[in-house]
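# Working through the structure, step by step
Chain by chain, the residues run as shown.
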Amino acid sequence: MPGRMSDPSDSLVPFSPDVRDPVVYSLHHDLKAPISRLSISWSKGNCLRVSFFGKKSSNSSAEGSGNSNDQIGGKVVEVKLSSEDGEIDEAQKRRIAYGSVSPFALLQSRKNSMSLLSKMSMGSSTYHVEWWEHVMEYSKDINLLLGSPKPLPSPVIEDPKTVLKAMEKPTCLKAAWELMEIFYADKQSQAWLPESLVDWLADYDNLLSETGTTVYSKLVDLQKELVTLQAVEDNPKYWEGISSALAVGWLEIVVKLLRLHGSYQLDQLGNRETENGLVEAVAVLISKMPRIRTELAVGRLGECYKTKPDFVKAWEKWRGQITKLECSAFWVQCDHRQTREGLKNVLQIMLGNTNSLNTVTSHWIELYISHFLYVRPFTMGLESMYSLAQKCMQLKPTSSTHRLMGLLLGILGENTEVVLAECSRSFGPWMVAHAVELLTAGSKQAEILLHEERYNLGGISIEELHRLVYAQILSSHALTWQIAPIYLTSCTKQGMGLLEILLYKQPIQHNHLLLKSLEICRLYELDSISSNIMKIAGIHHWKHGKKGSGIFWLQQAQDEVRLNRIAQQLFDFVGKSISDESFKQWEGLIELLGSEARTVGGLEFLHKYRDFKKSLQQVQDGHITDAARQAVESLILLMKNPSTPQRFWLPLLHDSRTGPGIEAEKRGSLVKLLNWSEHPLLNISQTNLLLNKLQELSMAKLHPDFIEADLPPHALNSVRLALATNLGRAFLEE
Amino acid sequence: MEKPLVMLDKGTNCSSWNYCGQRLATGLLDGTLVIFDSLEPDSSTFTCTSRTKAHGASITKVIWVPPEYGDAVACICADGTLLLWEEVEEGPQLLKWKLCKLFESNATQVLDVQFGISLTSLKMVVAYSDGHVKVYELLDPLLLNKWQLQAEFQNVIDSVAMCGKASCLSASISWNPQISESHHSSFVLGFNSDLPQFNSSKVWEFDEAHQRWLPVAELALPGDKGDQVYAVAWAPNIGRPYEVIAVATCKGIALWHLGLNADTEGRLSVEKVALLSGHEGEVWQMEWDMSGMTLATTGSDGVVRLWQSNLNGVWHEQAALVSTS
Amino acid sequence: MAMVAEGVGTLQIHRISQPKYIDALRWLSPLSAFERFAVLALHDSDSDVSSIEIQALNRSNPSNLHLQSSWASPARISTLRVSQIPQKPLVAASTYMGSLHFLFTDPVDASLESELSLAEKSFHAGPISGIDLQGTGSECVSVGEDGRVNLVTIGDSKLNYRRVFDSHGLVSYTAAKWASPAEFATGGLGFSLQYWDQRKPGGAVSQFKGNWGRGNMSEIVHSIDIHPSRKHILLAGGSSGTVFAWDLRWQKQPVLLSGIVPGETVVSPSESEVWEVQFDCYMQSATIGNISSGQILPVMMCSEDGILAVIKQGEQPMEILAEPCAINSFDIDKQNPSDLLCSLEWESIVILSRQ
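Parameters at a glance
Residue indices begin from 1 for each chain and proceed along its sequence in written order. Chains carry letters from A onward and ligands carry numbers from 1 onward, assigned in written order. Only residues with pLDDT of 70 or above have their local features reported here, since the model is predicted, and side-chain atom pairs are shown and tallied only from 80 upward, although totals for entire chains, interfaces and linings are computed over all residues. By convention in this description, side-chain values take in all heavy atoms of the structure and omit both hydrogens and water. Numbering of helices and strands runs from the N terminus; a helix is a DSSP stretch of H or I covering at least four residues, while a strand is a stretch of E covering at least two. Our radius of gyration looks at C-alpha atoms and nothing else; its globule reference is 2.2 Å times the residue count to the power 0.38. Accessibility here uses a 1.4 Å probe with only protein chains present; expressed as a share of the type maximum, an area under 20% marks a residue as buried, one over 50% as exposed, and anything in between as partly exposed. Note on contacts: a residue pair is in contact if any heavy atoms of the two residues lie within 4.5 Å. Calculation of accessible area relied on Shrake-Rupley with a 1.4 Å probe; when residues are assessed, cover is drawn exclusively from the protein chains displayed. The charge count treats Lys and Arg as positive and Asp and Glu as negative. His and the chain ends do not count. In this description, the location of a charge corresponds to atom NZ of lysine, CZ of arginine, CG of aspartate or CD of glutamate. UniProt positions are given in the numbering used here, feature names are shortened, and annotations may be inferred rather than shown by experiment. pLDDT is defined as a per-residue confidence score from the predictor, taking values between 0 and 100. Strands were regarded as paired on the criterion that DSSP finds at least two bridges between them. The axes are straight lines fitted to the C-alpha atoms, using for helices just the contacting stretch, and the angles between their N-to-C directions are given from 0 to 180°. Source of the domain bounds: an automatic or database domain assignment. Buried surface area refers to the total accessible area, computed with a probe of radius 1.4 Å, that the two partners give up upon joining, counted for both partners together. Salt bridges are defined by distance alone: a side-chain nitrogen of Lys or Arg within 4 Å of a carboxyl oxygen of Asp or Glu. Nitrogen and oxygen atoms within 3.5 Å of one another constitute a polar contact, given that in protein one can donate a hydrogen and the other can accept it, and given that sequence-neighbouring residues count only through two side-chain atoms. We call Asp, Glu, Lys and Arg charged. Ala, Val, Leu, Ile, Met, Phe, Trp, Tyr, Cys and Pro are nonpolar, and the rest, Gly among them, are polar.

## With respect to the overall build of chain B
Looking only at helices and strands, one finds 1 helix and 25 strands in chain B. For 325 residues, the compact-globule estimate of 2.2 N^0.38 gives 20 Å, and chain B sits close to it at 20 Å. Taking the principal axes of its C-alpha atoms as reference, chain B extends roughly 60 × 45 × 40 Å. Here chain B holds 325 residues, and the buried ones make up 64% of them. A separation of at least 24 residues holds for 43% of the contacts in chain B among residues at least 6 apart in sequence. Carbon and sulfur atoms make up 49% of the accessible area of chain B, which totals about 11,900 Å². Here chain B contributes 21 positive and 38 negative side-chain charges, whose respective centroids are spaced 4 Å apart.

What follows is the structure, encoded as structure tokens:
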């Protein structure tokens, strides 16, 4: 827009149709030393993290200023690129983001079912009517989020001197949304656009006061003085206020002000009868002003006419009455000059005298509105509205364009791209992503423009692009990223791609955050992402001492590769002497791995080995015979089982010598097992089995691939000896 | 607009954020590795959790290993060595950073290293100062010390025409960020060297059938092939019908579109769509945002610049972040 | 504060939006008959500050909250408990940094009187995931993903703790609940439950592992409740909409109250994480006579998919709230069981009263 400066409080505008000069921001690093280098990294969404590294100054320590800042060699800052104007604080912005989810989702689901229906049936006209209603409902829901609705006029006791009610200040965002609603969503208002704009300005004129004088700001000044003024009619500001308010159609305020006229006071009534009669006549005429609109809210003045002929008739009649009053002889009898002139000016406004209108209005839009009300009440069509706006702007040029005016001109100019760019630049990605729904509902041409897939955008439409941009903004904050999927899933081309990246970047250390991510994966059936996230969590916990959680998440991820590797690591314990504590850990891990299906390689062996090891331990703890028998059973099972790797045969047999929790005097418990004092624990066939295994092992030793167990050299012989002894005893026994 | 996150130690030389932005690894001139963590959920408060002397020489670059393989970083040191450090449990619930692998430097130095994950394995590409590239593969997903050299080649299209020994100042590698079954592993690599044919950025793709790496595209116009490359960055692709790669040379930042499907000779189509100038002097680093729509760059002018394409596909500088004290 | 009051049948709902994330919340019912208090554990994401606030609720206009007292927490709060004795209102809060804090409040106006903290490195490694205060408020059990189970004795000016068990990370605990002055229950991954008896040291006296074989659906217990009159029944809520009761007397078979389990025909009000479960004592006195001792008492649960519901064994679940965002926690006012507090993901709380 002409005269617009790139001020740093502006939002970063992505994807406007034109190319502009870059916005320059400054980043404060607060480092004493000059910067030697910087490094950048994108964080979530559109947060950029910048690291500054200071130059290493060799003399800084020599100076020894003692400043703690000297020890700082650099700084990392986070830059949020969507920081918009300060009109709405962060918490409020999040509240708007949360609140818009349901209306948006509802509209999308309606759109989907509509398109399904329209494919099946031909009833396109009924379809259209309904669709307008849905869009309007959506627009109303969103509007409600942006600020409380206008308070209803309270007929209760009011201070007669309060012409302007103190209200919570509306936001430009709400004003902008209502503009969009008037022009695109509200089918009812299409025929009454000028009157809708009159109402709109009545609500938001005070927003324009930030940049200059407005009717609103004049009235605020007047209000302050009213309380102290005695004879208001003597003050020119009083008449100015009346004329200005009348020009923009704030009839209630005008009438209220008129009735503050001194001639109404009981003690004055007698000698100012004519004067009072004129004031009252004008007030009555004003309150009967014909309006071309469907309805007026309770307490609003004017008379509504729904059809043009009716309105024209009433308008002519009303103008006739004004002219009649203007020519009336009573004016001569009115000796209060200010009243006479003030009222005459009011009549000129009502008659649509353009010079008067120009004088009493401040901002071009106020002049514009006054033209609608008093000069060209039948202005129809955006084209003529646009040319009128340009005329008014020429008459009342402004040094800078208010963002609301920028938007309005875009709308009147019927340029969808400009409207979008204005929305984006001035009101940010939230506005664009949500207003696109109104725009597409507004016109076929806009719908085509916004839904057309563009190669330059990577094959997506402008609508999708703006949703992606908004979703990325949502992703920047830990509390809003979870609603980004709602918008991403409405993006048919690239939404899921971005959602996958978004989910991948979520932290996994804390279970409840992890589960919230997994829930989103579940909802959108992103199984591979969900197992990848669980895999990351599994490895994190496994390597950080939470072995239980680690195995749990790897099992959830069905990561057979890593689970297998873990099982392989457990094999390393076989035949090793380990402390009670690590045996417990080892046993616990087997337990954890074992709860899953039998797919993990060699687990069966580990389980049997665990049983054997446990029995052995009990033998050492003194639970003699039963445990010993148990141990032998387990040993035989292990040795018989083909799944037991050959490399473990000797360690297993030897194991009993170096069982868990070894102590020197307990060594040689294999010998104890084999040379059991009461009777041999192994029968002949069992002993033979073990001897055969030993023989097999001796043969295998000659093979080049043989893996030598990490055991003392005499291990084989001592086991063989023990077995031989046992064989002898078993013979005797049987 | 900016929010301070971390104060860095004196002598900090480089930094790197992990995949979720919760951990920051920094390398110091004296060879110390310093880690900052945000320990609570959704917190922006960072505390230093480890200071470990990683090496005798200064650390010039830190790169995080993908999270599927634990919390580990690769450090490139000024003497050309490459180290892998990993955070593991030591003793009951006590975490410690430990060296798990050291790749010694001989005559050649390591210039850049980047990790790429495929569905089955972790690959590490290392670029050396003699213009050689080595690709290693991790053998055991639980142990970061078992690497196997999978391939070694030079960054040239036609290996027959290769001549002489290059001396490279810097190298830049960027993996195709996409992991999927339909995609082969691929990365782009460019050198800043004294031998022109090594410099230009080439896209290398892994040929599963023959277990070898092939150059499938060259990102330089005929007249620019000798241009020294400062940095390369492969954009995330969330659904575009083409890939986007940024290449920074002495002539500026070029943006390339790379076709998705190979022609009969196995080459991918390339198109240079923009040449962006802004940074005076060398470009240090280029980073794409998560959607691949905004490119952030830094350079020797000390300015962070953000680049975007408009609705008509025209790339332009969107914003500049100028640092002031 | 934006608030909406709507009448849904015989339910009064007040929504109060907070500009902060609610990590946990509890009722605090002091001696005063006119006022009630809500204890909120809050996290301000803009300033990254955590705190506990005690807000007074007006009985006649519940949406009118006003801040009674607040305490700045050194870390984000993971669990919050309040002792149920009106004479000695005590708030216990555990943090993600592994510290445990006790706030003593005035029995009349709920102002903060004193604070005791346990922040030793050896207490828990990493976050504390579950705590529970014993009925008398003299002991607190704490568990963590580090696999430690600790018992804290709360003195007037001093805290002592002893380690009941340490799995060294082999088992991670996610929830804890007292059953009697000597016994308590814990829960963890894989829908596991453990029952502990202080008089029998060395490990849990009973263990349960819910294995419903549902592929790669996460199975974590998030919350446990035990009814004071039936300490042998452990109620647990967790992943995939699962709520089940485990009767120590019939250990093999848990009673599934909600959840998607192949082969079971239970109507599940939710399919996602059940963050909290509590026995619903509302209307119970009237109907308790009709519930046989073998039946599970009515249960209230809240879930990630925004459901607050009451489940009665063998009946259709009764939905109380269905929100577009997660309901992260709730609390039933023990003195006035018709009244409920819930915290929503979208930085707001809901006060409900059933009439």
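## Some points on the UniProt feature "repeat: WD" (unreviewed entry) in chain B
Residues annotated in UniProt with the feature "repeat: WD" (unreviewed entry) correspond here to residues 276–308 of chain B. Segment residues 276–308 of chain B splits into 0% helix and 58% strand. End C-alpha atoms: 11 Å apart.

## Points about the confidence of the model for chain B
For chain B, per-residue confidence averages 92 on the pLDDT scale, and residues scoring 70 or more make up 98% of the total. Model confidence for the complex: the whole-complex pTM is 0.90, and ipTM, which rates the interface, is 0.96.

## Thoughts on the sheet that holds strand 22 (residues 283–288) of chain B
Taken together, 5 strands build an open sheet; the order of strands is 1(A)-25(B)-24(B)-23(B)-22(B) and the sheet is mixed. Edge strands, defined here as strands with exactly one partner in the open sheet, are strand 1 (23–28) of chain A together with strand 22 of chain B. Ignoring strand direction, the axes of neighbouring strands in this sheet form an average angle of 20°. Across 7 bridges, strand 24 (residues 303–309) of chain B lies against strand 25 (residues 315–324) of chain B in antiparallel orientation. Paired with W307(B) across the strands is E317(B), a residue of strand 25 of chain B.

## Concerning the sheet that holds strand 22 (residues 255–258) of chain C
Residues and elements named next belong to chain C. Pairing is antiparallel across the open sheet formed by 4 strands, whose spatial order is 19-20-21-22. Each having just a single partner strand, strand 19 (221–227) and strand 22 make up the two edges of the open sheet. Taking each pair of neighbouring strands and ignoring which way they run, the sheet shows an average axis angle of 25°. Note: strand 21 (residues 243–247) against strand 22, 3 bridges, orientation antiparallel.

## Things to note about the domain arrangement of chain B
All names here are of chain B. When its domains are assigned, chain B resolves into domain 1 (1–104) and domain 2 (110–324). The distance between the C-alpha centroids of domain 1 and domain 2 comes to 24 Å. Contacts between domain 1 and domain 2 engage 18 residues on the former and 19 residues on the latter. A combined buried area of about 1,600 Å² lies between domain 1 and domain 2, and 73% of that area is made up of carbon and sulfur atoms. Summed over the shared surface of domain 1 and domain 2, the result is 1 salt bridge. Run the count over domain 1 and domain 2 and you get 3 residue pairs in polar contact (both at pLDDT 80 or more). For the side of domain 1 that touches domain 2, the secondary-structure elements that each account for two or more residues are strand 6 (59–64), strand 7 (72–77), strand 8 (82–89) and strand 9 (95–103). Residues that form the side of domain 1 that touches domain 2 fall into these classes: 13 nonpolar, 1 polar and 4 charged.

## A few points about the pattern of salt bridges
Residues and elements named next belong to chain A. Summed over all chains, the structure comprises 67 salt bridges over all chains. The closest approach of N and O atoms between E233 and R272, which form a salt bridge, is 2.8 Å. Taken together, the residues span a long stretch of sequence, with E233 in the loop between helix 6 (215–226) and helix 7 (236–247) and R272 in the loop between helix 9 (266–269) and helix 10 (273–287) at a distance of 39 residues. Each member of the salt-bridge network shares a partner with another, and the members are E195, D199, E252, R291, R293 and R300.

## Some points on unusual backbone geometry
Of note in the backbone geometry, Q558(A) takes a positive phi value of approximately 50° without being a glycine. Mapped onto the elements, Q558(A) comes out in the loop between helix 25 (547–556) and helix 26 (560–571). Even without a glycine there, the phi angle at H168(C) is positive, about 50°. With respect to the helices and strands, H168(C) occurs in the loop between strand 14 (159–166) and strand 15 (173–178). Residue H168(C) is classed as partly exposed on the basis of its relative accessible area, which comes to 27%.

## As for the pairing of strand 28 (residues 339–344) of chain C
Residues and elements named next belong to chain C. For strand 28, a buried count of 6 out of 6 residues is recorded, marking the element as mostly surrounded by other parts of the structure. Across the two faces of strand 28 the burial is the same, with D339, L341 and S343 and L340, C342 and L344 all buried. Relative to strand 28, strand 27 (residues 327–332) runs antiparallel, the two being bridged by 5 bridges. Within strand 28, the residue paired with S329 across the bridge is S343. Hairpin remark: strand 27 followed by strand 28, antiparallel, with 6 residues in the connecting loop. Hairpin connection from strand 28 to strand 29 (residues 348–354): 3 residues lie between these consecutive antiparallel strands, with E347 at a positive phi of about 50°.

## Points about the pairing of strand 15 (residues 186–193) of chain B
Two faces belong to every sheet, and in a regular strand the side chains alternate between them. Residues and elements named next belong to chain B. Across the 8 residues that make up strand 15, a large majority, 8, are buried. Neither face of strand 15 is left uncovered, since the one carrying S186, V188, G190 and N192 and the one carrying F187, L189, F191 and S193 both have all their residues buried. In this structure, strand 14 (residues 168–175) lies alongside strand 15, joined through 7 bridges in antiparallel fashion. Bridge pairing links S170 to N192 in strand 15. Judged from the 4 bridges that link them, strand 15 and strand 16 (residues 202–207) form a sheet pairing that is antiparallel. Among the inter-strand pairings, S186 is bridged to a residue of strand 16, identified as E205.

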